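Structural overview for review
Spelled out, the chains give:
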Amino acid sequence: MLPRSEADMLLCRALDVPRSHIYAFPERRVGAAAAERLATWIGRRRAGEPVAYILGERGFWGLDLTVTAAALIPRPDTETLVAAALAQIRADAHVLDLGTGCGTVALAIAAERPSARIVASDVDPLCVALCQHNAERLGFAVETRLADRFDGIPERFDVVVSNPPYVAADDDHLQRGDLRFEPRHALVSGGGGVDFLAALVREAPPHLKPGGWLCVEHGCDQEHQVRGLFLERGFANVHCHRDLADQPRATTGQWP
Ligand SMILES: C[S@@+](CC[C@H](N)C(=O)[O-])C[C@H]1O[C@@H](n2cnc3c(N)ncnc32)[C@H](O)[C@@H]1O
């Protein structure tokens, strides 16, 4: 995010005003209490803490999501995964969002398909509680489950969607920016980043109805590996979807 946008977000929250206010009234003086709040937040930001964690929220797919340091901060890249999954999700579909974090993907789908039956799962109880909190706050009926991948998830779905951990343990990006503050188990997977994706592709078929879809996000350098995993497992109609930066970002495939 651009420094100017971040500064605006912190100032607006400190003053409790919408962004339009600070441009409409640039002469407004900041009171002592707001200035103190702002100074504390600027100190935290200078120490590297992400704005989403400082303010406890992040917008995604037009939804204001509560975010804590227990969950990955929703990324614009993940809109590619949501759009690819929505193309396969009919109005009354049964959908699983595996590794939901704060509810990012499940809640975006719930906003678009209010009659769908959506299950959101995570291995971290703090994420399950956070997703539940966001669902209730936004008024969406999403069922949450505490589950290690598909363990304890017996049913078959029309669509399984997941933004799983896919960063290699030795990736330099983990030492930079927001990633330094995000939970490692939300980011890192073994096997150079693809172990979790490989397990998902291997384990998903018994949880898909015939003709059901698996939709996963992955790194832009993992396109060919992930495509190979889908094809080897027997998925059909395998397609890679590119993000707004024209990078390969999500792969979808249909279980015959
Ligand atoms: C990359 S984050 C994605 C979070 C959210 N879906 C999003 O797009 O913002 C991966 C999520 O998978 C969860 N996770 C990690 N290992 C898991 C496992 N074995 N079973 C289920 N969820 C897992 C993490 O807790 C984290 O919330």
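Residues numbered from 1 in each chain as written. Predicted model: local features only at pLDDT ≥ 70, side-chain atom pairs only at ≥ 80, totals over all residues.

1. What to know about the domain arrangement of the chain
Taken domain by domain, the chain comprises domain 1 (3-47) and domain 2 (69-254). Each of domain 1 and domain 2 has a C-alpha centre, and the two are 34 Å apart. (Domains from an automatic or database assignment.)

2. Section: the site of the ligand
Around the ligand sit 21 residues in total, of which G99, G101, T104, V123 and N163 are the nearest. The set of elements that each furnish at least two residues to the shell around the ligand consists of α6 (104-112) and α8 (184-187). (Near = placed C-beta within 6 Å. Helix = DSSP H or I, 4+ residues; strand = E, 2+ residues; numbered from the N terminus.)

3. Let's talk about the sheet that holds strand β9 (residues 248-254)
Within the open sheet, the 7 strands sit side by side as β5-β4-β3-β6-β7-β9-β8. Their pairing is mixed. Unpaired on one side and paired on the other, β5 (142-146) and β8 (236-242) mark the two borders of the sheet. Within the sheet, the average angular offset between the axes of one strand and its neighbour, ignoring direction, is 15 degrees. Taken together, the 5 bridges between β8 and β9 define a ladder with antiparallel strand orientation. Note on β9: the bridge partner recorded for H239 is T252. (Pairing = 2+ DSSP bridges. Axes fitted to C-alpha atoms, helices over the stretch in contact; angles between N-to-C directions.)

4. Section: the packing of helix α9 (residues 195-203) against helix α10 (residues 223-233)
The geometry of α9 relative to α10 is characterised by a closest axis approach of 9 Å and an angle of 20 degrees between their N-to-C directions. Here α9 lies roughly parallel to α10, going by the angle between them. Both α9 and α10 take part in a crossing whose hand is right-handed. On α10, the residues that touch L197, A198, V201 and R202 of α9 are V226, L229, F230 and R233. (Parallel < 35°, antiparallel > 145°, perpendicular 65-115°, else oblique. Left-handed = near helix turned anticlockwise from the far one by under 90°. Contact = placed C-beta atoms within 7 Å.)

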